[in-house]
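Understanding the architecture of this molecule
Here is how the chains run, residue by residue.
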Amino acid sequence: MVLAAESRIKEGKEDTNIGPPNSPRHPEVFARWDPAKARRPDIAEAPVFYPSLEEFEDTVAYIEKIRPSAEPYGICRIVPPLKWSPPFRLREKSIWEGIKFHTRVQNVELLQNRGPVKKKKKKPKVRKRKRSSSSKRRPSSVPASVSSPEEEEVFGFNSGPDFTLEEFEKYARYFKESYFESKEGNAPSVEETEGEYWRIVEQATDDVEVYYGADLENKVLGSGFERGETSGWNLNNLPRLSGSLLSFERGDISGVLVPWVYVGMCFSTFCWHVEDHHLYSINYNHFGEPKVWYGVPGTHATALEKAMRKHLPDLFEETPDLLHGLVTQFSPSILKDEGVPVYRAVQRAGEYVLTFPRAYHAGFNSGFNCAEAVNVATVDWLSHGQNAVELLSEENKKTSVSHDKLLLGAAYEAVRSLSGDGGESGKSLAWRSFCGKNLALTKAVETRLRMEEGRIKALGSGFNLIKMEKDFDSNCERECVKCCYDLHLTASGCNKCSPGEYACTKHANELCSCEGNDRFVLLRYTVDELRSLVRALEGEAEDLKTWASKVKEGDISYLTNDLI
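Residues numbered from 1 in each chain as written. Predicted model: local features only at pLDDT ≥ 70, side-chain atom pairs only at ≥ 80, totals over all residues. Heavy atoms only, no water.

With respect to the environment of Ser 402
Put simply, the rule reads: Where helices and strands are cited, they refer to DSSP runs of H or I of at least four residues and of E of at least two residues respectively, numbered from the N terminus. Definition of a polar contact: a pair of N or O atoms within 3.5 Å, with one able to donate and the other able to accept a hydrogen when the atoms are protein atoms, and with sequence-neighbouring residues admitted only if both atoms are side-chain atoms.
By secondary structure assignment, the location of Ser 402 is in the loop between α9 (382–394) and α10 (403–418). Separated by 75 residues in sequence, Ser 402 and Glu 477 have C-alpha atoms that sit 9.3 Å apart. A polar side-chain atom of Ser 402 sits 2.7 Å from a polar atom in the side chain of Asp 486.

Below is the structure:
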């Protein structure tokens with residue numbers, strides 16, 4: 001049974017005047033707990049780590065330390081030392097009672113089991129924005145929109161009521177107490193809540209509608225951490241710490257370098273997805289009831305996709321890039337039956353959850369809580385990130401960050417350390433540990449060199465090779481007009497037919513068919529210079545001296561003109 005208010009939301013009409021519990025305008029909860037049909041997944045737990053105070057001092061180093069043992073699970077839980085208890089600024093009365101935030105409506109019974117919903121309608125088009133003010137990928141419910149031609153509608157989360165944190169807490173408690181017919185003293189356990197959640201997702205008998213305050217940007221409520229908190233575990237600081245490659249990205253990318261806040265209630269859901277660019281993510285549960293997570297290691301990402309396509313063929317036929325929508329849940333029990341390893345993490349208040357590159361993750365909230373999340377990239381991520389931008393290019397999807405900018409930034413920093421300009425600090429020694437033959441950073445630069453070298457050779461004759469201006473992409477995005485590939489390292493164009501438009505070296509011949517000297521490729525570095533950079537990272541003295549000079553003087557785009 002669905003009340004009129006719920007029906008209006010399902011039809012895409014907001015009801016922003018839903019009042020507090022017992023108000024006539026409050027949606028009554030009709031569905032009820034059915035413990036006899038619980039479907040809690042029988043899966044293994046993800047590892048839990050307890051850093052010492054000393055280990056907790058260096059966030060990036062600790063992530064690198066636990067990676068070998070944690071990454072095979074895709075996800076892990078980190079319990080801070082007892083002395084770590086940062087103030088929660090959103091509890092301030094002016095925020096708690098005075099600032100409203102948007103919510104999404106989630107019909108839990110439709111997250112896995114639903115039919116195709118395509119119909120013609122005018123669909124909002126995502127506005128193209130600069131990276132300095134852009135956001136990571138969101139579920140399809142809240143695009144920054146302008147009018148667009150008629151497109152086909154697909155399943156998504158509609159906008160729900162606006163709440164203050166005080167109001168949302170009251171509604172969340174009302175919902176859970178009504179649904180489980182419980183009070184404070186006899187509330188269901190996390191295990192019981194989990195069993196009921198998957199019963200709804202897999203074998204629903206009632207409509208179960210919840211709200212989720214998800215992906216709340218900094219300008220809405222602000223961060224839950226105090227600004228003066230200098231620890232690397234303050235998620236406002238983490239992305240730009242030394243050792244995090246995101247520190248080489250100057251723009252404040254919302255959701256990637258600037259944390260997003262999440263206000264949850266019982267059964268509110270984050271569906272299966274990987275992070276943009278296959279980055280690491282880290283989530284802190286500031287307060288409230290636990291979040292239940294599921295993770296699949298990055299080595300089995302393709303297996304998860306295959307299993308979901310097998311069991312949800314109609315949804316994937318309707319929306320081939322279904323997983324990019326972040327609106328589809330899928331049973332860990334079925335994944336396990338299909339041979340996909342999946343692990344559980346129950347994140348309580350005051351704990352972190354870390355997800356690894358290309359590790360699919362999903363989960364739900366067991367009750368009212370408030371969490372915050374951001375991305376981070378260590379050197380070992382580079383190979384995953386390169387794979388991610390190639391996949392984005394194949395799918396003609398925009399990037400969130402410039403992978404080449406991060407790669408070269410790391411290389412410059414390593415050159416400084418290898419040449420002695422960084423001194424003998426622990427950070428400098430850490431950079432050196434990624435250099436040398438066949439080590440992570442050297443391999444990443446060499447892989448990128450070979451990739452671009454092959455693409456330039458494949459172009460054949462007829463392209464002028466021209467020095468790229470150092471600030472070519474400093475003040476605006478430069479991306480391939482054919483596939484959205486980032487153009488920080490190379491860009492092709494034509495002075496005759498398409499001035500101001502650029503393509504990547506994969507699509508240079510598709511930009512135009514002009515002949516003569518009008519077509520060109522801009523190169524930040526020649527192939528020979530990139531080979532020299534590889535040798536510098538391997539420790540070759542002359543090359544290291546050359547690159548140390550470039551980095552020190554800021555002359556890091558020197559190039560001579562040439563012609564293929």
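Next comes the rest of the description.
Focus: the packing of α9 against helix α12 (residues 440–459)
For the record, the criterion: Fitted lines through C-alpha atoms give the axes, limited to the stretch in contact for helices. The angle between two N-to-C directions lies from 0 to 180 degrees. An angle below 35 degrees is treated as roughly parallel, one above 145 as roughly antiparallel, one from 65 to 115 as roughly perpendicular, and anything else as oblique. Working rule for contacts: check all heavy atoms of both residues, and any pair within 4.5 Å makes them a contact. Note on residue classes: Ala, Val, Leu, Ile, Met, Phe, Trp, Tyr, Cys and Pro are nonpolar, Asp, Glu, Lys and Arg are charged, and everything else, Gly too, is polar.
Here α9 crosses α12 at 25 degrees, and the two axes come no closer than 9 Å. With respect to each other, α9 and α12 are oriented roughly parallel. For the pair α9 and α12, the contacting residues are Leu 382, Gln 386 and Glu 390 in the first and Leu 441, Ala 444, Arg 448, Met 451 and Arg 455 in the second. A breakdown of the residues in the contact of α9 with α12 according to their chemical character gives four nonpolar, one polar and three charged.

Topic: the pairing of strand β19 (residues 360–365)
Worth spelling out the cut-off: Note on classification: 1.4 Å probe, protein chains only; a residue is buried when its accessible area is under 20% of the maximum for its type, exposed when over 50%, partly exposed between these limits. Strands are treated as partners if at least two bridges between them are detected by DSSP.
Counting buried positions over the six residues of β19 gives six, a clear majority of the element. Burial of β19 is two-sided: the residues Tyr 360, Ala 362 and Phe 364 facing one way and the residues His 361, Gly 363 and Asn 365 facing the other way are all buried. Sheet analysis places strand β14 (residues 269–273) next to β19, joined by three bridges and oriented antiparallel. From the neighbouring strand, Thr 269 faces β19, where its bridge partner is Phe 364. Direction of pairing for strand β16 (residues 291–296) relative to β19: antiparallel, over a ladder of six bridges. Paired with Trp 293 across the strands is Gly 363, a residue of β19.

Describing the state of the cysteines
Operational definition: Put simply, a disulfide is two cysteine sulfurs that come within 2.5 Å.
Summed over all chains, the structure comprises zero disulfides. Its sulfur unpaired, Cys 504 is 3.7 Å from the next cysteine sulfur, which belongs to Cys 480. On the accessibility criterion, Cys 504 (2% relative accessible area) is buried.

Comments concerning the environment of Val 521
By the element assignment, Val 521 lies in strand β24 (residues 519–523). Along the chain, Val 521 and Cys 504 lie 17 residues apart, while their C-alpha atoms are 8.9 Å from each other. Apart from residues lying up to four places away in sequence, Val 521 is in contact with Leu 459, Phe 463, Asn 464, Leu 465, Ile 466, Ala 491, Ser 492 and Thr 505.

What to know about the sheet that holds strand β5 (residues 104–107)
Taken in spatial order, the nine strands of this open sheet run β2-β3-β18-β15-β20-β13-β12-β5-β10, and their pairing is mixed. The open sheet has two edge strands with one neighbour each: β2 (48–49) and β10 (158–159). Both β5 and β10 contribute to a ladder of two bridges, which runs antiparallel. If you follow Arg 104 over to β10, its bridge partner there is Ser 159. In the packing of helix α2 (residues 59–70) onto the sheet, the strands contacted are β2, β3 (75–78), β15 (280–288), β18 (352–355) and β20 (369–376), and the crossing angle to β3 comes to about 130 degrees. Across the face of the sheet, helix α4 (residues 165–180) comes into contact with β12 (209–216) and β13 (260–264) while running at roughly 145 degrees to β12.

Details of helix α6 (residues 301–311)
As a reminder of what qualifies: Note that the arc is computed from the directions linking the helix axis to the C-beta atoms.
Ala 301, Leu 304, Ala 307 and Met 308 are the residues of α6 that are buried. The buried residues of α6 all sit within an arc of 125 degrees when viewed along its axis, so they share a single face. Those residues of α6 that are exposed and aimed more than 90 degrees away from the buried face are Lys 306 and Lys 310. Buried residues belonging to α6 abut β14, β16, α7 (313–318), α8 (332–337) and β19.

Side note on the side chain of Arg 519
What counts, and what does not: For the purpose of counting charges, residues Lys and Arg are taken to be positive, whereas Asp and Glu are taken to be negative. His and the chain ends are not included. We define a salt bridge as a side-chain nitrogen of Lys or Arg found within 4 Å of a carboxyl oxygen belonging to Asp or Glu.
Inspection of the secondary structure assignment puts Arg 519 in strand β24. It is Glu 515 that comes nearest to the buried, bridge-free Arg 519 among opposite-charge side chains, at 7.4 Å.

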